[in-house]
Amino acid sequence: MPSRHPRLAAVALATTALTLLAGGPASAVDPTVTDPRVIAHFDFAEGQTPENIALEPDGSADITFAFAHAIARVNKQGAWKTIATLPDVANPQTPNIGAAIALGIARAHDGTLYAAYATGTAETGIWRIAPGGGTPEQIAQLPADAFPNGIALDEHCDTLYAADSNRGEVWSIPLSGGDPTVWASGAALAPSPQLPFGANGLKIHDDAVWVSNTAQGTLLRIPFGPDRTAGPIETRAVGLTGIDDFAFTGHGDTVLAALNSVNELELVRADGTHKTVLTAADGLDNPTSVAVRAKTVYVNSAAFFDTTNPDPNLLLARISRNKL
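Figured I'd write up the structure that's included with this text. Along each chain, numbering runs from 1 in the same order as the chain's sequence is written. With pLDDT at 70 or above as the cut-off, local features in this predicted model cover only qualifying residues; side-chain atom pairs require 80 or more to be listed or tallied, and sums for whole chains, interfaces and linings still use all residues. Side-chain measures here rest on the full set of heavy atoms in the structure, leaving out hydrogens and waters.

Helix numbering and strand numbering both begin at the N terminus, where a helix is a DSSP run of H or I of at least 4 residues and a strand a DSSP run of E of at least 2. For the protein chain, the helix and strand inventory stands at one helix and 24 strands. Throughout, radius of gyration means the C-alpha value; the globule benchmark is 2.2 Å times the number of residues raised to the power 0.38. Its C-alpha atoms give the protein chain a radius of gyration of 18 Å, near enough to 20 Å, the size a compact globule of 324 residues would have. Taking the principal axes of its C-alpha atoms as reference, the protein chain extends roughly 50 × 50 × 40 Å. Counting over 324 residues, the protein chain shows a buried share of 58%. The contact rule is simple, with two residues in contact once any of their heavy atoms fall within 4.5 Å. Pairs at least 24 residues apart make up 51% of the contacts formed inside the protein chain by residues separated by at least 6 positions. Surface exposure here means Shrake-Rupley accessible area, sampled with a 1.4 Å probe, where a residue is shielded only by the protein chains that are shown. Summed over all atoms, the accessible surface of the protein chain reaches about 12,300 Å², with 50% contributed by carbon and sulfur. In the protein chain, which carries 20 positive and 33 negative side-chain charges, the distance between the mean positions of the two groups comes to 7 Å. Buried residues are those whose accessible area, probed at 1.4 Å on protein chains only, stays under 20% of the maximum for their type, while exposed residues exceed 50% and partly exposed ones sit between those limits. Under the counting rule used here, the positive set is Lys and Arg, the negative set is Asp and Glu, and His together with the chain ends is not counted. Charge placement uses NZ in Lys and CZ in Arg. For Asp and Glu, CG and CD serve respectively.

So this is what it looks like as structure tokens:
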């Protein structure tokens, strides 16, 4: 691990120690992922480490640069520009990292962006960026020991959900004002003594909140109960070593998951079995997040643990949804 982020080296070692279960059998209806190509390379030394991704209507990708704590917009040809930068923090105390770090990002239909920021200070929380970019505004403050990671919007209920990797919780954050509350918690969301990152990626899908747990290598589903309360946590897949963010393919509950520490993009079927569809040979370098739009897959790589030739990048591939 480059000396700039020494605390992440220990995380990398712990992550690779997790057990990887064998993937399930191939299916005739598995979506296929082909034609991977890296369209943009970024500067690791400048903190341009892509962490999370949201898509614009024209197919451009809004990505968070974790250690530059900025948001960049990348078009499908790979040209990009910075559209917003989160404020500098004089003495960040971010749990398990130390440095201030930009994490999850979500886009509202009107173009407003929301970004998660972990600093170990009062700046920890959710920040809003107006359509087109500009100066971010903090709309929700979370505890200093929180590590808000993946986020997702429920625009029908004017609510944002955030996975907290350090506290092992899911936050519910009203966009119209009011204090954040813990929406879900429990052992299934928790980190471990060996790896201090629990709940990580988060998506809303088919009347449930889905969450990945990096420490436990699991994909979880939390159904909405009465009045949008959290139902019982269900484990939907295991053996996903170093799982970070994920995205639904549009093929039922089939997921593409970024396995950060092992440089893989994993296809996770509805029955919990899974197989690898992209690797480092395709350009992955510690992949952090995935998005799917029509026939295109977007994968961010942050190169967090690459000690030889870090190549943070954005990769595009083609997805085909096969039928019987």
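After that view of the structure, there is still more to cover.
When DSSP finds two or more bridges between a pair of strands, those strands are recorded as paired. A sheet is described by the order of its strands in space; here four strands give the open sequence E6-E7-E8-E9, paired in antiparallel fashion. The open sheet is flanked by strand E6 (101-107) and strand E9 (137-141), the only strands paired with a single partner. Adjacent strand axes in the sheet meet at a mean angle of 25 degrees when their direction is disregarded. By the bridge criterion, four bridges tie strand E8 (residues 125-129) to E9 in an arrangement that is antiparallel. Each residue of the ladder has a partner; that of Arg128, found in E9, is Glu137. To get an axis, fit a line to the C-alpha atoms, keeping to the stretch in contact for a helix; angles then go from 0 to 180 degrees between the N-to-C directions.

We now examine the pattern of salt bridges. Every case where a carboxyl oxygen of Asp or Glu lies within 4 Å of a side-chain nitrogen of Lys or Arg is listed as a salt bridge. In this structure the tally under the stated criterion is 16 salt bridges. The closest approach of N and O atoms between Glu56 and Arg73, which form a salt bridge, is 3.1 Å. One end of the pair, Glu56, is in the loop between strand E2 (50-55) and strand E3 (61-65); the other, Arg73, is in strand E4 (residues 70-74), with 17 residues separating them in the sequence. Pair check on accessibility: Glu56 and Arg73 agree, each one buried. Note that Glu234 and Arg221 form a salt bridge whose closest N and O atoms lie 3.3 Å from each other.

So, about the pairing of strand E18 (residues 243-248). E18 sits mainly inside the fold: six of its six residues count as buried. Pairing between E18 and strand E19 (residues 255-259): four bridges, direction antiparallel. Bridge pairing in E19 links Phe246 to Ala257. Counting the residues that bridge the hairpin from E18 to E19 gives six residues, and of these Gly250 lies at a positive phi of roughly 90 degrees.

One can find Ala190 in the loop between strand E13 (181-185) and strand E14 (199-204). In this structure, Ala190 is in contact with Gly168, Gly198, Asn213, Ala215 and Gln216, ignoring residues within four places of it in sequence.

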